[in-house]
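Each chain, written out:
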Amino acid sequence: MDAERELRDDEGDPVRLGAVRRVVSLVPSLTEAVATAAPGLLVGATDWCTRPADLDVVRIGGTKNPDVARILALRPDLVIANEEENRAPDLAALRAAGVAVWTTRIRDLDQALRSLRRLLVDACQLPDPDWLLSASRAWAGLVPPAVPMRAVVPIWRRPWMVLGADTFAADLLRRLGVTVVTAGHPGRYPRVPLPELLGAGAELLLLPDEPYRFTATDGPEAFPTLPYALLSGRHLTWYGPSLAEAPAVLAAQLGGRNSPPVM
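Note that the structure is predicted; figures quoted are calculated from it, not measured. (Residues numbered from 1 in each chain as written. Predicted model: local features only at pLDDT ≥ 70, side-chain atom pairs only at ≥ 80, totals over all residues. Heavy atoms only, no water.)

1. Re unusual backbone geometry
Here's step 1: Cis geometry marks the peptide bond from Arg51 to Pro52; its omega dihedral reads -5°.
Here's step 2: As for its position among the elements, Pro52 is in the loop between β4 (42–45) and β5 (58–59).
Here's step 3: Residue Pro211 is bonded to the preceding Glu210 through a cis peptide linkage, with omega at 5°.
Here's step 4: Inspection of the secondary structure puts Pro211 in the loop between β12 (204–208) and β13 (228–231).
Here's step 5: With phi around 60°, Gln125 is a residue other than glycine that occupies positive phi space.
Here's step 6: Structurally, Gln125 can be placed in the loop between α4 (109–123) and α5 (130–140).
Here's step 7: Non-glycine residue Asp166 carries a positive phi angle of around 60°.
Here's step 8: Counting through the fold element by element, Asp166 comes out in the loop between β10 (161–162) and α6 (168–175).
Here's step 9: Look at Asp166 and you get partly exposed, because its relative accessible area is 47%. (Helix = DSSP H or I, 4+ residues; strand = E, 2+ residues; numbered from the N terminus. Buried < 20%, exposed > 50% of the residue type's maximum accessible area, 1.4 Å probe, protein only.)

Below you can see the structure in the form of structure tokens.
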């Protein structure tokens, strides 16, 4: 029998683990991270876990409404979750049933890189993934512009919600030379009325394609005076293999900004 270890997850909660051979993921970006690092380790994932494209595992519901009974039936050695993505009552129910739950907490790039290594190497006892080393090198070598660009970054409309302070995506943008103008609002993803956003002093509108799928015809028309750029939501908000190519992808998208829409 494999010796048990007691580790602490990102929340500081103790997690008792033996050998980890069966994993259920409740977070799309962590699903991709585990599946890329160790194909075959995942036995279950949410309906929203779309990467890798050929992922063939049991689907256990959504991130906010996982089927606890179905997860337990998979007999996981470990369930991986995120304090922002997943609901505390669901995680408590899994722990009460005797399942080891590892909860991540991500607020910036450095924290993401540390968290991914602790999950994959310390908890799952995998070798350091090549993509994680590549991600560290790619971001360490990034040289941002000398003068930051002030941008408003909606993540939802009806109502308008935007990036605020203390968010992973805002940290990535900062490293790329973008200052989020709504960082002073309370809350990490504040609801801000459109007139206030229009008067926030932004020089640029950044529109990711998730969680809301902004497009060239859905979003720019609300900010008729601002040039805009469409961003890959996966490269802006996911912490996993996409981090290795995110600096190049996002920089190219920022550089390919569009003129304000013709009204």
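Still more to cover.
2. Thoughts on the pattern of salt bridges
Here's step 1: The full count for this structure, using the stated rule, is 17 salt bridges.
Here's step 2: Across the salt bridge formed by Arg188 and Glu84, the nearest N and O atoms sit 2.2 Å from each other. Linking Arg188 in the loop between β11 (178–180) and α7 (194–198) with Glu84 in the loop between β6 (78–82) and α3 (88–96), this pair joins segments that are 104 residues apart in sequence.
Here's step 3: With a relative accessible area of 18%, Arg188 lands in the buried category.
Here's step 4: In this structure, the salt-bridge partner of Glu221 is Arg157, at a minimum N-O distance of 2.8 Å. Remark: Arg157 occurs in the loop between β9 (154–156) and β10 and Glu221 occurs in the loop between β12 and β13; sequence separation between them is 64 residues.
Here's step 5: According to the relative accessible area criterion, Glu221 is partly exposed, its value standing at 30%.
Here's step 6: Through salt bridges with shared partners, one network takes in Asp110, Asp171, Arg174 and Arg175. (Salt bridge = Lys/Arg side-chain N within 4 Å of Asp/Glu carboxyl O.)

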